[in-house]
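Examination of the molecular architecture
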Amino acid sequence: MSPVGAYVLQVKATDADDPTYGNSARVVYSILQGQPYFSIDPKTGVIRTALPNMDREVKEQYQVLIQAKDMGGQLGGLAGTTIVNITLTDVNDNPPRFPKSIFHLKVPESSPIGSAIGRIRAVDPDFGQNAEIEYNIVPGDGGNLFDIVTDEDTQEGVIKLKKPLDFETKKAYTFKVEASNLHLDHRFHSAGPFKDTATVKISVLDVDEPPVFSKPLYTMEVYEDTPVGTIIGAVTAQDLDVGSSAVRYFIDWKSDGDSYFTIDGNEGTIATNELLDRESTAQYNFSIIASKVSNPLLTSKVNILINVLDVNEFPPEISVPYETAVCENAKPGQIIQIVSAADRDLSPAGQQFSFKLSPEAAIKPNFTVRDFRNNTAGIETRRNGYSRRQQELYFLPVIIEDSSYPVQSSTNTMTIRVCRCDSDGTILSCNVEAIFLPVGLSTGALIAILLCIVILLAIVVLYVALRRQKKKDTLMTSKEDIRDNVIHYDDEGGGEEDTQAFDIGALRNPKVIEENKIRRDIKPDSLCLPRQRPPVEDNTDIRDFIHQRLQENDVDPTAPPYDSLATYAYEGTGSVAESLSSIDSLTTEADQDYDYLTDWGPRFKVLADMFGEEESYNPDKVT
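The rules behind each value
- Residues numbered from 1 in each chain as written.
- Predicted model: local features only at pLDDT ≥ 70, side-chain atom pairs only at ≥ 80, totals over all residues.
- Heavy atoms only, no water.
- UniProt positions renumbered as here; feature names shortened; annotations may be inferred.
- Helix = DSSP H or I, 4+ residues; strand = E, 2+ residues; numbered from the N terminus.
- Buried < 20%, exposed > 50% of the residue type's maximum accessible area, 1.4 Å probe, protein only.
- Contact = heavy atoms within 4.5 Å.
- Areas by Shrake-Rupley, 256 points an atom, 1.4 Å probe, with all protein chains shown as cover.
- Salt bridge = Lys/Arg side-chain N within 4 Å of Asp/Glu carboxyl O.
- Disulfide = S-S within 2.5 Å.
- Patch = residues over 30% accessible without salt bridge, like charges linked within 9 Å, V, L, I, M, F, W, Y side chains within 5 Å.
- Polar contact = N/O pair within 3.5 Å; in protein donor to acceptor, adjacent residues only side chain to side chain.
- Expected span 1.5 Å × (residues − 1).
- Arc of directions from axis to C-beta.
- Phe/Tyr/Trp six-rings, centres within 6.5 Å; stacked < 30°, edge-to-face > 60°.
- Pairing = 2+ DSSP bridges.
- Axes fitted to C-alpha atoms, helices over the stretch in contact; angles between N-to-C directions.

Looking at an unreviewed UniProt entry, one finds the protein named Cadherin 12, with Chlorocebus sabaeus as its source organism. Recorded in UniProt for the protein, the comment headed Subcellular location (unreviewed entry) runs: "Cell membrane".

Okay, here's the thing in structure tokens:
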């Protein structure tokens, strides 16, 4: 787009001849090839444009052949040539143009927001940044639903979705798009507007969609203790597609409402499934799913918020047990206690409690109740002084009512104790024992007296316990015959070989053995001198001791059995009879061998005959 005569470049040739000698060094320039686009000054070698408004889009590069020739000499005119390549640089002299005036696009209604739904393109014959195009939607039908941006690589206009489409609401959209140069050259403004417009028509395609709930959130209310099966609300969902389908409802199993509530699958009505307790759970939050009968995979979900309303079930009561005291020198109208109330119901905001005396206590009241109207009350005295000697405790019935429906009330009995106080009202003593003590006896002195009494009682108890223990030890160490005493051991030994568990000296008392006393457990036929027994050593084994006594009784005609039975039993390791316990006995009597009874002496002869060999046993001989 350069005008005629625009400077391009300058060439220069040199001649080695003497410039002072004739015209041998004088050079003249001319174009041998490159007309009619360029011209050259023959003297200066400046090349200029020869045609106006050359267009790069028509031809980008030119090759010009330049000749330099001297003016002659003895050898005549000599010439040299060179080739000059001239490239046209681009200018933004062309506006973008749409190849067609209308673009048709088809878009499914389920396309997500922000997705690219189509492309259009305007053509600009310029190059580089002069060919960069900016696209804009002309304000109108599609400005709120669609947007367009430029693809930097292809210079296409990409149409994107700003809001969801709905085939059932609108099936087609039409709007205009404008394409313009991003970088304008002000030298060519007069050539006309560097922009172009085209019409875009978008057709919305119908897609099978899930049902749609009538509300984004359902809020319901129900009173606690409502009977099971009571309907508390309903949800509604519709299939908005052309071929409307029926809808089924379900409670989302992942939520906590599937056990407390049920829903009718066809109608969408919600009913209670369990008794509700507001004090336990005041609000339920769960989800309901709606699906199309024609396509169960298409589902939608909505949240359900159910508030449990309080029913006034419990009466208000005094919030904490109060220890109320009144001074003996109290004056009428004094507030001796501030009380408050509490309700096990989840009381609503603004709940009010009222306080008053019961009718029977209001006849001749020693105290009264002043309601402060702020959910607290004061216990007020009505007498001029109280006497602990006459009455130590007063019981004040207070009625408390709430403001809920139905109204609930309760009677709370407060215990008021009469106490001795100083002139400032400070409590000195409230226990009844202090009434009969001298006035000058202090609290520290009273504590000291009580401590002394406790110490004396402890000493008496300890003394009695020691006396009983001493008496018991005297009985246990009696020097009477060992058979006349029962000696009890609190532990169990391990048999004969366990000599650490107890003192076996009690079984062989040498003093008792060596004394020549007549046996007291039997009455002999005639008085005879007692048998002389050899002294027993302290270290005599118990087994030998028992064996010796067995022999003495076997040969003694005055020995038992007469009126008593003397039993000597021995168990333990090494015993001939071994253990007489049935724990280690064989499973059946038939498997046992009783021949060893014959080795136990004359006293076991009958047993040996009974359980020994059968042919040796004669029942007629058993006495």
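Turning our eyes to something else, we now look at the overall build of the protein. A count of helical and extended segments in the protein gives four helices and 31 strands. Taken across its 623 residues, the protein has 31% of its residues classed as buried. In the protein, once contacts between residues fewer than 6 apart in sequence are set aside, the share between residues at least 24 apart is 64%. In the form shown here, the protein has an accessible surface area of approximately 40300 Å², with 53% of it arising from carbon and sulfur atoms.

Applying the stated criterion across every chain yields a total of 13 salt bridges. With a shortest N-O distance of 2.3 Å, Asp208 and Lys292 are connected by a salt bridge. Here the residue Asp208 occupies a position in the loop between strand S13 (195-205) and strand S14 (212-213), and Lys292 occupies one in strand S21 (residues 283-292), the gap between them amounting to 84 residues. Residue class for Asp208 comes out partly exposed when judged on its relative accessible area of 41%. Counted as one network, the salt bridges with shared partners bring together Arg119, Asp151 and Glu156.

Looking now at the state of the cysteines. The term disulfide refers to a covalent linkage connecting the sulfur atoms of a pair of cysteines. Inspection of the entire model under this criterion finds two disulfides. At a sulfur-sulfur separation of 2.1 Å, the disulfide partner of Cys327 is Cys421. Here the disulfide of Cys327 and Cys421 is left-handed, its torsion about the S-S bond being about -85°. Taken together, the positions of Cys327 in strand S24 (residues 324-327) and Cys421 in strand S30 (residues 409-421) put the pair 94 residues apart, joining distant regions of the chain. Overall, the relative accessible area of 13% leaves Cys421 in the buried class. Through a disulfide, Cys419 is tied to Cys430; the S-S separation comes to 1.7 Å.

With that settled, consider a nonpolar patch on the surface. Together, Ile449, Leu450, Ile453 and Leu457 make up a nonpolar patch on the protein surface, roughly 370 Å² of accessible area in all. Structurally, Leu450 is set in helix H1 (residues 443-476).

One can find Ser115 in the loop between strand S7 (102-108) and strand S8 (116-121). Judged by its relative accessible area of 19%, Ser115 falls in the buried class. Side-chain polar atoms of Ser115 contact the backbone oxygen of Pro112, separated by 2.7 Å. Setting aside anything within four residues of it in sequence, one finds Ser115 in contact with Ile159, Lys160 and Leu161.

Mapped onto the secondary structure, Val204 falls in strand S13. Among the residues examined, Val204 registers a relative accessible area of 4% and is labelled buried. When the C-alpha positions of Val204 and Glu168 are compared, they lie 9.5 Å apart, and in sequence the two are 36 residues distant. Those residues in contact with Val204 that sit more than four places away from it in its chain are Val107, Glu109, Leu165, Asp166, Phe167, Lys170, Lys171, Ala172 and Tyr173.

Turn by turn, an α-helix covers 3.6 residues, leaving residues three or four places apart pointing in a common direction. Helix length check: helix H3 (residues 542-555), at 14 residues, gives a terminal C-alpha distance of 20 Å against a target of 20 Å (1.5 Å per residue), a fit within 8%. Taken together, the buried positions of H3 are occupied by Ile542, Phe545, Ile546, Arg549, Glu552 and Asn553. Buried residues of H3 fall within an arc of 125° about the axis and therefore sit on the same side.

This paragraph deals with the packing of aromatic side chains. Taken as a whole, this structure holds 13 aromatic pairs when the rule is applied. Seen in terms of ring centroids, Phe98 and Phe103 are 5.9 Å apart; in terms of plane orientation they differ by 70°. Their pairing is edge-to-face. Phe103 carries the same exposure label as Phe98, and that label is buried. For the ring pair Phe261 and Phe286, a centre distance of 5.4 Å and an interplane angle of 20° mean the geometry is stacked.

With that settled, consider the side chain of Asn412. Mapped onto the elements, Asn412 comes out in strand S30. Judged by relative accessible area, which is 13%, Asn412 ranks as buried. A distance of 3.2 Å separates polar atoms of two side chains, one belonging to Asn412 and the other to Ser410. Every residue in contact with Asn412, bar those within four places of it in the chain, is listed here: Pro316, Glu317, Ile318, Leu396, Pro397, Val398 and Ile400.

Now for the sheet that holds S13. Taken in spatial order, the four strands make up an open sheet running S7-S13-S12-S9, and their pairing is mixed. Sheet topology places S7 and strand S9 (133-137) at the edges, where each strand pairs with a single neighbour. The average angle at which neighbouring strand axes cross in this sheet is 30°, direction not considered.

Along the chain, Gln35 connects to Pro36 via a cis peptide bond; the corresponding omega equals 5°. Here Pro36 shows up in the loop between strand S2 (27-33) and strand S3 (38-40). Phi angles above zero are rare outside glycine, and Asp225 is one such case at about 65°. For Asp225, the location among the structural elements is in the loop between strand S15 (217-223) and strand S16 (231-234). Asp225 sits in the partly exposed class, given a relative accessible area of 38%. The phi angle at Asn375 is positive, at roughly 70°, despite the residue not being glycine. For Asn375, the position within the fold is in the loop between strand S27 (367-371) and strand S28 (376-381).

Further remarks concern the environment of Thr272. Position of Thr272 among the secondary structure elements: in strand S20 (residues 269-272). Assessed through its relative accessible area of 2%, Thr272 is described here as buried. Every residue in contact with Thr272, bar those within four places of it in the chain, is listed here: Val222, Thr226, Pro227, Val228, Gly229, Thr230, Ile232, Tyr260 and Phe261. Of note is the side chain of Thr272, whose polar atom sits 2.9 Å from the backbone oxygen of Pro227.

Our focus in this paragraph is the sheet that holds strand S5 (residues 61-70). The strand order across the open sheet built from three strands is S2-S5-S6, with neighbouring strands paired in antiparallel fashion. The open sheet is flanked by S2 and strand S6 (79-87), the only strands paired with a single partner. Strand-to-strand twist across the sheet, computed as the mean angle between neighbouring axes with direction ignored, equals 30°. Bridge count for S5 against S6 is nine bridges, and the pairing is antiparallel. Along S6, the bridge assignment pairs Ala68 with Gly80.

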